[in-house]
Amino acid sequence: MSTLVIENVKDEFLPAFKALSKAMNAKCRVEKGKKPKLTKFEKGILKAKAEVESARKNGTLRTFSSAKEAFKDAGLI
């Protein structure tokens, strides 16, 4: 016995796959709208992106023309 998984199927093809599974006496399971779970790292990246986007929209995002300028501003040089 084998398992076949088909992902990202358009709704128009579902009846054909269901009919095929019925003809073969196989089980057919349809899952819709299931979002993949994000890792902590991915959530952190999305949060940082949102913060940068918010600062850009508010006009408070600080940008620099060079790394040297950024280091000087941070007091590292």
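Preceding block: the structure.
This is a predicted model, so every value here is computed, not measured.

Visitor: I keep staring at the overall build of the protein and nothing clicks. Help me out?
Guide: In terms of regular secondary structure, the protein is built from three helices and zero strands. Each helix and strand of the protein, placed in order from N terminus to C terminus, yields the pattern α-α-α. Over its C-alpha atoms the protein spans a radius of gyration of 25 Å, topping by over 25% the 11 Å that the globule rule assigns to 77 residues. Summarising its shape, the C-alpha atoms of the protein cover approximately 70 × 30 × 20 Å along the three principal directions. Split into buried and exposed, the 77 residues of the protein put 4% on the buried side. Of the roughly 7900 Å² of accessible surface on the protein, 57% is carried by carbon and sulfur atoms. Counting 18 positive and 9 negative side-chain charges, the protein places the centres of these two groups 5 Å from one another.

Visitor: Help me out: how do you make sense of the side chain of serine 21 in this one?
Guide: Mapped onto the elements, serine 21 comes out in helix 1 (residues 14–23). Overall, serine 21 belongs to the buried group, its relative accessible area being 9%. Leave out the neighbours within four places in its chain, and serine 21 touches Ala26, Lys27 and Cys28.

Visitor: Just checking my understanding: could you explain the layout of surface pockets for this structure?
Guide: To locate leftover empty space, one rolls a probe as large as a water molecule over the atoms. Here the largest pocket defines a volume of roughly 1100 Å³. In terms of lining residues, the largest pocket is bounded by 24 residues, among which Leu4, Val5, Ile6, Arg29 and Val30 are the most central. Broken down by class, the residue content of the lining of the largest pocket amounts to 12 nonpolar, five polar and seven charged.

Reading the values: rules and limits
Residues numbered from 1 in each chain as written. Predicted model: local features only at pLDDT ≥ 70, side-chain atom pairs only at ≥ 80, totals over all residues. Heavy atoms only, no water. Helix = DSSP H or I, 4+ residues; strand = E, 2+ residues; numbered from the N terminus. Rg over C-alpha atoms; globule rule 2.2 N^0.38 Å. Buried < 20%, exposed > 50% of the residue type's maximum accessible area, 1.4 Å probe, protein only. Areas by Shrake-Rupley, 256 points an atom, 1.4 Å probe, with all protein chains shown as cover. Lys, Arg positive; Asp, Glu negative; His and termini not counted. Charge placed at Lys NZ, Arg CZ, Asp CG, Glu CD. Contact = heavy atoms within 4.5 Å. 1 Å grid on protein atoms, 1.4 Å probe; cavity = no way out; pocket = protein on both sides within 12 Å on 5 of 7 lines; lining within 4 Å. Points joined across faces, edges and corners; volume = space filled by probe spheres on them. Nonpolar A, V, L, I, M, F, W, Y, C, P; charged D, E, K, R; others polar.

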